[in-house]
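Structural characterization, general
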Amino acid sequence: MNDDSNPSASTRPDLSRDLGVSHASAVVVGTIIGSGIFLVPAEMMQAVGSARLVYLAWIVGGLLSFFGALTYAELGAMKPQAGGEYVYVRDGYGQLAGFLYGWTWFVIAKPASVATVLTGLVRILGTFPVFSFFSANLISTPIAVTWGQIVAIAAAILISFLNYLGIKKAGQFQLVFTLLKVAIILGIVVICFSGAGAVAGRGWSNFTGSFAGAKGGVAGFMAALVAALWAYDGWNDLNMVAGEVKRPERNIPIALIAGVATVGALYMLVNASVQYVLPASAIAASPRPASDAVALVLGHMGAGIVSAGMALSMLVTLNGTIMSGARVPFAMARDGYFFRALADVHPRFHTPSVAIGVQALLSILLLLLGANFRQLFSLAIFAEWLFYLIAGSTVFVFRRREPQAARPYRMWGYPVVPALFVTVAAALLGYTFKNDWPNSGYGVLVILAGIPAFRYFSRLRAMNRQGR
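Notes on the structure in this doc start here. (Residues numbered from 1 in each chain as written. Predicted model: local features only at pLDDT ≥ 70, side-chain atom pairs only at ≥ 80, totals over all residues. Heavy atoms only, no water.)

1. Regarding the overall build of the protein chain
For clarity, the cut-off: Labels follow the DSSP assignment, with helices taken as runs of H or I lasting at least four residues and strands as runs of E lasting at least two, numbered in each case from the N terminus. With C-alpha atoms as the basis for the radius of gyration, the globule rule is written as 2.2 Å multiplied by the number of residues raised to the power 0.38. Each residue is placed in one exposure class: buried if its accessible area under a 1.4 Å probe, protein chains only, is under 20% of its type's maximum, exposed if it is over 50%, and partly exposed if it falls in between. Should any heavy atoms of two residues lie within 4.5 Å, those residues are considered in contact.
Counting secondary structure elements, the protein chain contains 18 helices and 2 strands. Here the protein chain has a C-alpha radius of gyration of 22 Å; the compact-globule value for 468 residues is 23 Å, and the two agree. Among the 468 residues that make up the protein chain, the fraction classed as buried is 59%. Within the protein chain, contacts between residues separated by at least 24 positions form 82% of all contacts whose residues are at least 6 apart in sequence.

Written out as structure tokens, the structure reads:
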């Protein structure tokens, strides 16, 4: 939807459809696979205490993510516009709901996601002895800034600049380094299965093992499921750049479905390889189970390989996160409900250049405020699952309100599949709020603060239209 309050809207530069199906698939796979698969097996084992239940949590999390991808495949093919979820919420529930989604995304969800990835990247790099100085302060006044924060800021600027230079360049980066990331993951799997024979007491018997100190019960399984879903998170980012995908009616469904299925298969393989080498008690006690598993087989060099793979993985995730994030405030501004400058498209590179820059600035500010990894993660996860629920539910609205509308892809399993996705999203949202209510409560306050902001931009838009 263009901003009809701007008389030059029809002549200004627009985004370019330069992402092919391979680039789109790389956005899905590369953005999802971050550090989660390398780290969360320990948290999941601590929660459920059983190798089999850990696998069940991975399977359930994968199915729920796949159901979400099927839902978004129909929505993305039907409404292939920049902004993705913002467009679905706006068209499904009205401009106020769309604005509150975009406001929350812009102010809290995406900057926190970017800052979380950057913080994790620095933590991973800090495990290498050569980077041990990352924890030392570069300056102490007026605020303390560590070398690690400077490296994180440099990474944010570098990847933001890559996206500034064009969606095609960012897409090529995503494709090449996602393929490298997948190769490293498959290498880890081969190393664990082929070399574990030399490690005493390792093998298929580990799959029947258990960890006695687990939380257990329904609460434990929910905790493991949340961890798995965090590892699967990011599959929706492709829909944000739908306005730059070639043949979106075909390529968005293919990329979403194939991408999530590929990630699910890779996650199962990695989890199996780690369990093949490490017993349940060792997984529960390890902060980095994948590193420890490879280290048992190859020694210190193996742990370094996994850490390098994790750092690369997070850099690719960062690219996909930055790529998708700027399209939401851009879409809001084009509707006339946000700062007009955010709707600017670079005349040469055809990217939302101002929105990319502002997003980078907000992410850097969060990093400098010194929030820890868990706080940043909590800020992001509550807002994301709230709008997964709302955006996913619009498929029912559009099916009922616009039964004859063109749907290049009609999702399999309607209405059961989207109903399951929305129901579980609601349950996880309630679980997250209950178990982390201070950060979740802050998220609610940010959302509510969007109501007066919406009124302000609505009045400003009306004044601009009257002044035409």
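Here the narrative resumes, following the displayed structure.
2. Observations concerning helix α15 (residues 353–369)
Inclusion rule: To estimate how far a helix should reach, multiply one less than its number of residues by 1.5 Å.
Taking 1.5 Å per residue as the helical rise, α15 with its 17 residues ought to reach 24 Å, and the 25 Å between its terminal C-alpha atoms agrees with that figure. Along α15, the residues classified as buried are S353, A355, I356, Q359, A360, S363, I364, L366 and L367.

3. Concerning the environment of L125
The residue L125 is located in helix α5 (residues 95–125) in this model. Given a relative accessible area of 18%, L125 falls into the buried group. Here the alpha-carbon distance between L125 and S307, two residues 182 residues apart in the chain, equals 7.5 Å. For L125, the residues in contact, after removing those within four places along its chain, are F131, F134 and A311.

4. Points about the pattern of salt bridges
The test is simple: Salt bridges are defined as contacts in which a side-chain nitrogen from Lys or Arg sits within 4 Å of a carboxyl oxygen from Asp or Glu.
Scanning the entire structure with this criterion turns up 8 salt bridges. A salt bridge links D91 to R90; the nearest nitrogen and oxygen atoms lie 2.8 Å apart. As a salt-bridge pair, D335 and R90 come within 2.7 Å of each other at their nearest N and O atoms. Here D335 is found in the loop between α14 (327–334) and α15, whereas its partner R90 is found in helix α4 (residues 85–93), with 245 residues between them in sequence. For D335, a relative accessible area of 1% puts it in the buried group.

5. Examining the packing of aromatic side chains
The criterion, for reference: Aromatic contacts are taken between Phe, Tyr and Trp rings whose centres are within 6.5 Å, Trp giving its six-membered ring; a plane angle under 30 degrees counts as stacked, one over 60 as edge-to-face, and the others as tilted. Put simply, a charge is over a ring when the Lys NZ or the Arg CZ is close to the ring centre, within 6 Å, and near the line of the ring normal, within 35 degrees.
The final tally for this structure, using the stated rule, is 30 aromatic pairs. Ring centres of Y72 and W235 lie 4.9 Å apart, and the angle between their planes is 80°; this geometry places the pair in the edge-to-face category. Here W235 lies in the loop between α8 (217–232) and α9 (237–240) and Y72 lies in helix α3 (residues 51–78), a separation of 163 residues in the sequence. For the pair formed by Y72 and W235, the shared burial category is buried. Pairwise contacts between aromatic rings join F99, W103, F106, Y337, F338, F339, F454, Y456 and F457 into one cluster. The ring centre of F398 lies 4.8 Å from the NZ or CZ of K79, which sits over that ring. In this arrangement the basic side chain of R399 is found over the ring face of Y414, its NZ or CZ atom lying 4.0 Å from the centre.

6. Overview of the nonpolar core
As a reminder, the rule being used: To form a nonpolar core, buried Ala, Val, Leu, Ile, Met, Phe, Trp, Tyr and Cys residues must be joined to one another through side-chain atoms within 4.5 Å.
Core analysis: the largest hydrophobic core is formed by 149 residues, its most contacted members being M44, W58, F99, L238, Y267 and F338. It is α5 that contributes the most residues to this core, 17 residues altogether. Once you skip the residues sitting within four places of it in the chain, F338 turns out to touch F99, W103, F106, P329, M332, A333 and F457.

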